[in-house]
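In case you want the letters, here they are:
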Amino acid sequence: MNLVLFDFDGTLTTKDSLDEFLKYSVGMKKYMFNMLIFLPIFILYKLKLIKNNIAKEKLFKLFFYGIDEMKFKNMAKKYSLEKLDLILNDDRLSILKQHQKNNDRVVIVSASIECWLKPWCEKHNVELLSTKLKFIDNKFTGKFSTKNCYGNEKVNRIKNYLNISEYDTIYAYGDSAGDYKMLELAQHKTFFTN
């Protein structure tokens, strides 16, 4: 059996699912207001003064701190099933579907959040490794319960999840610096330049 590792955002999609989810969940007016507040953090991240995972946690805390867990997950599921297919790159999805027809094992490995990726993955019959949010007493804490699934963490999650030596051939697909390490695992690597 072959193993196929797919990044999600920018690789399978034409837009960033996180950005689209933020707009979907709070509306454009609040989205713009929150992004203005977030701008100093974004600048620090772009200047490499704070790490990706810290900036991302701060973003989620700004938008969703204290939100009810079921409310958030229901909203994420609705977004997943109603909106994600609308931002897919059809040509790249067809590559994924061809791997499935070949009976390859397909795993999405993404820094995006499990709450909205999992329903889509279940619908399309693919496995998922992604970032998870931390809820305590049914409220969002503003933190992740896993490391951000980006860069080296993608490789760590893959190796903890399965034994890559069991596979005849590994294919990997990505589009950003966060995918470089994952692509190194594969004999057949495709880096999309969007």
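What you see is a predicted model; the values in this text were computed from it and never measured.

Enquirer: I would appreciate a short explanation of the environment of Asn2 in the present structure.
Expert: One can find Asn2 in the segment before strand E1 (3–6). A relative accessible area of 19% places Asn2 in the buried class. If we ignore the near neighbours within four places in the chain, the residues touching Asn2 are Asp104, Arg105, Tyr167, Asp168, Thr169 and Tyr171. Within the structure, the side chain of Asn2 is placed 3.3 Å from the backbone nitrogen of Thr169, a separation counted as a polar contact.

Enquirer: Quick question: what am I supposed to make of the nonpolar core here?
Expert: As a rule of thumb, soluble globular proteins bury nonpolar side chains together. Formed by 41 residues in total, the largest nonpolar core has its most connected members in Phe60, Phe64, Phe72, Ile108, Trp116 and Trp120. Not counting residues up to four positions away in its chain, the partners in contact with Trp116 are Ser17, Leu18, Phe21, Phe60, Ala76, Tyr79, Ser80 and Leu84.

Enquirer: Looking at this structure, how should I read the pattern of salt bridges?
Expert: Where charged atoms from two side chains of opposite charge come close, those side chains can pair. In the structure shown here, the tally under the stated rule is ten salt bridges. Residues Lys154 and Asp7 are paired through a salt bridge, measuring 3.0 Å at the closest nitrogen-oxygen approach. Taken as a pair, Lys154 in helix H7 (residues 152–161) and Asp7 in the loop between E1 and helix H1 (17–26) lie far apart in primary sequence, 147 residues in all. Using a relative accessible area of 5% as the deciding quantity, one classes Asp7 as buried. Between Glu114 and Lys132 there is a salt bridge, with the nearest N and O atoms lying 3.7 Å from each other. One end of the pair, Glu114, is in helix H6 (residues 114–123); the other, Lys132, is in the loop between strand E3 (127–131) and strand E4 (133–136), with 18 residues separating them in the sequence. Here Lys132 falls in the partly exposed class, since its relative accessible area comes to 33%. Taken together, the shared-partner salt bridges connect Asp7, Lys154 and Asp179 into one network.

Enquirer: Just to check I follow, could you spell out unusual backbone geometry for this structure?
Expert: Backbone geometry follows two general trends: most residues other than glycine have a negative phi, and most peptide bonds adopt the trans configuration. Phi is positive for Lys48, close to 60 degrees, though the residue is something other than glycine. In this fold, Lys48 is placed in the loop between helix H2 (28–46) and helix H3 (52–64). Residue classification places Lys48 among the exposed positions, given a relative accessible area of 74%. Located in the positive-phi region is Asn138, a residue other than glycine, with phi close to 65 degrees. As for its position among the elements, Asn138 is in the loop between E4 and strand E5 (139–144).

Cut-offs applied
- Residues numbered from 1 in each chain as written.
- Predicted model: local features only at pLDDT ≥ 70, side-chain atom pairs only at ≥ 80, totals over all residues.
- Heavy atoms only, no water.
- Helix = DSSP H or I, 4+ residues; strand = E, 2+ residues; numbered from the N terminus.
- Buried < 20%, exposed > 50% of the residue type's maximum accessible area, 1.4 Å probe, protein only.
- Contact = heavy atoms within 4.5 Å.
- Polar contact = N/O pair within 3.5 Å; in protein donor to acceptor, adjacent residues only side chain to side chain.
- Core = buried A, V, L, I, M, F, W, Y, C linked by side-chain atoms within 4.5 Å.
- Salt bridge = Lys/Arg side-chain N within 4 Å of Asp/Glu carboxyl O.

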